[in-house]
Amino acid sequence: MTKRALSSPRSVLSTPMCECCIIPPDVLERLSQDTNFSEEERKVLSDMVKFEKEWRKLRIARTRTMRSAANFLATMEVAAPPGLPTVSVFNCRQQTTLPGVLIPTPDTSSDTTAKRAFEQTTEVANFYKSVFGRSSIDNRGMSLNSSIHYGVKYNNAFWNGTQMTYGDGDGSIFVDFTASNDVIAHELTHGVTQYTLGLNYTNQAGGLNESMSDVFGTLFRQWSAGQDVNKADWLIGRDIMGPAAKNRGFKCLRDMANPASNHCLAPQPMKFSQYRVGMDPHESSGIPNHAFYLAAMAVGGKSWEKVGKVWYQAMMGTPSPSMKMSTFANRTRTLAGTLFPSEPSVKSAIDTAWKKVEL
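**Quick look at the pattern of salt bridges**
Move 1: Throughout the structure, instances matching the rule amount to 10 salt bridges.
Move 2: For the salt bridge of K306 with E343, the shortest nitrogen-to-oxygen distance reads 2.6 Å. Of this pair, K306 sits in the loop between α9 (286-299) and α10 (307-315) while E343 sits in the loop between α11 (325-339) and α12 (344-356); the two residues are 37 residues apart in sequence, bridging distant segments of the chain.
Move 3: Classification of K306 as partly exposed rests on a relative accessible area of 26%.
Move 4: Residue E343 is classed as partly exposed on the basis of its relative accessible area of 25%.
Move 5: Here D351 ties to K355 by a salt bridge, and the two come within 3.1 Å at their closest N and O atoms. Of this pair, D351 and K355 both sit in helix α12, separated by 4 residues, roughly a single helical turn.
Move 6: Taking the relative accessible area as the measure of exposure, D351 reaches 21% and is therefore partly exposed.

Written out as structure tokens, the structure reads:
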């Protein structure tokens, strides 16, 4: 068994650990003020907005502690384990202490949430291994831990820099956050981005950060279903929408084919001229999201085989925390020619897609 050194202290410390959630806080706040929802539904959302603000402070403090630890541990040698990483699931039992109580055999659990979290996390690891040759999110076989049943009617899922956490939803606006496999892949991809480009969570880099998670979340969902680009619906978070949200006409959180659509709970801009400094990353991610969709549709076939591989390789290399969207776009243009030299149509499709979103 070979051994690999962990990243140098500089590379570890320069990689921001992203405390990222699938539902942006401004959307939760907007919904909490929407009188079309019941008073009880709005109260759950309002309480969650307050909770998120406090919880973020704790996550920031923990992240700083983890970075300090990484500084001391970065030079240690670790074995590169074969196969897929260890996947563990913990039960928070409606409490907010992480990770919760370990579930010994989640793969055979009668708790469908536990079983789903285990199976889909394992499948995400298999996806990254099979399609891109990546060993877990850090490419060193990192164990993948998930906590379920977090809080009471918790309307979100998040990656906190070390693990995944899922709420059960309120059963009305949102349902169990493990129900949508692209949500699971989206959040775990924040971990991949953490160990690759190390994108900040502000401005253009923040939009790219969120877009990477949407792109690989939908790639995973398409790969799992064996769908080509024409059969895919390109919706993000379709399966976590509750009955109250559906009754209001919301089909999904975001739509990569039509980011500005009214059926999105969080509509987004489609062109770079609509971008504004300080824009929420969940919002500005619509621009590179739509570019990926346009490129994948133009190339055709299975999105993870060509355009997906270009996007993945564009995530590799030197960490670029403040990367601009145009820089990433140009990187994909170059890589398309390098990865598919005998298929100039791939590079042409990617170039045209970026130009259509004004990048």
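Moving on from the model shown.
**A short note on the sheet that holds strand β8 (residues 164-166)**
Move 1: Taken together, 6 strands build an open sheet; the order of strands is β2-β7-β8-β6-β4-β5 and the sheet is mixed. At either margin of the open sheet sits one strand with a lone partner, and together these are β2 (20-21) and β5 (101-102).
Move 2: Alignment of strand β6 (residues 144-148) against β8, held across 2 bridges, turns out to be parallel. Of the residues in β8, the one forming a bridge with S146 is M164.

**Quick look at the packing of helix α5 (residues 181-195) against helix α6 (residues 203-225)**
Move 1: Put simply, α5 and α6 touch, their axes get as near as 7 Å, and they point 135° apart. Accordingly, the angle class assigned to the pair α5 and α6 is oblique. Between α5 and α6 lies a crossing of right-handed hand. Of the residues in α6, those touching α5 at N181, D182, A185, H186, T189, H190 and T193 are N209, E210, M212, S213, D214, F216, G217, T218, F220, R221 and S224.
Move 2: Class assignment for the residues of the contact of α5 with α6 results in 4 nonpolar, 10 polar and 4 charged.

**Description of helix α4 (residues 112-132)**
Move 1: Compared with an ideal rise of 1.5 Å per residue, which puts 21 residues at 30 Å, α4 spans 29 Å between its outermost C-alpha atoms and is within 8% of the ideal.
Move 2: If you check which residues of α4 are buried, you get T113, A114, A117, F118, Q120, T121, V124, A125, F127, Y128, V131 and F132.
Move 3: Turning to α4, the residues buried within the fold contact β4 (87-91), β6, β8, α5, α6 and α10.
Move 4: At the exit of α4 stands G133, carrying a positive phi of roughly 70°.

**Description of unusual backbone geometry**
Glycine aside, residues mostly have negative phi angles, and peptide bonds mostly take the trans form.
Move 1: Following L98, the chain continues to P99 via a peptide bond in cis, the omega torsion being 10°.
Move 2: By the element assignment, P99 lies in the loop between β4 and β5.
Move 3: Even without a glycine there, the phi angle at S136 is positive, about 65°.

**Quick notes on the confidence of the model for the protein**
Move 1: In the predicted model, the protein carries a mean pLDDT of 88, and 85% of its residues have values of at least 70.
Move 2: The low-confidence segment residues 1-18, where pLDDT is below 50, has 53 contacts with residues more than four positions distant or belonging to other chains.

**A word on the nonpolar core**
Move 1: Ranked by internal contacts, the top residues of the largest apolar core, which has 85 residues, are I23, F174, F216, F292, W311, F328 and W354.
Move 2: Broken down by element, the residue count for this core peaks at 9 residues, all from α4.
Move 3: When neighbours within four sequence positions are excluded, I23 is seen to be in contact with L28, N155, N156, F174, F177, I240 and L253.
Move 4: Counting residues in hydrophobic clusters, the runner-up holds 5 residues, among them C21, C92, Y154 and F158.

**Regarding the packing of α4 against α5**
Move 1: Packing of α4 against α5 brings their axes to within 10 Å, and their N-to-C directions diverge by 55°. In terms of orientation, α4 and α5 fall into the oblique class. Note that α4 runs across α5; the crossing there is right-handed. Contacts from Q120, T121, V124 and Y128 of α4 reach α5 at N181, I184, A185, L188, T189 and V192.

**A look at the pairing of β6**
Move 1: With 4 of 5 residues buried, β6 lies mostly within the body of the structure.
Move 2: Looking at chain direction, β4 and β6 are connected through 5 bridges and run parallel. Within β6, the residue paired with N91 across the bridge is I148.

About the cut-offs
- Residues numbered from 1 in each chain as written.
- Predicted model: local features only at pLDDT ≥ 70, side-chain atom pairs only at ≥ 80, totals over all residues.
- Heavy atoms only, no water.
- Salt bridge = Lys/Arg side-chain N within 4 Å of Asp/Glu carboxyl O.
- Helix = DSSP H or I, 4+ residues; strand = E, 2+ residues; numbered from the N terminus.
- Buried < 20%, exposed > 50% of the residue type's maximum accessible area, 1.4 Å probe, protein only.
- Pairing = 2+ DSSP bridges.
- Axes fitted to C-alpha atoms, helices over the stretch in contact; angles between N-to-C directions.
- Parallel < 35°, antiparallel > 145°, perpendicular 65-115°, else oblique.
- Left-handed = near helix turned anticlockwise from the far one by under 90°.
- Contact = heavy atoms within 4.5 Å.
- Nonpolar A, V, L, I, M, F, W, Y, C, P; charged D, E, K, R; others polar.
- Expected span 1.5 Å × (residues − 1).
- pLDDT = per-residue confidence, 0-100.
- Core = buried A, V, L, I, M, F, W, Y, C linked by side-chain atoms within 4.5 Å.

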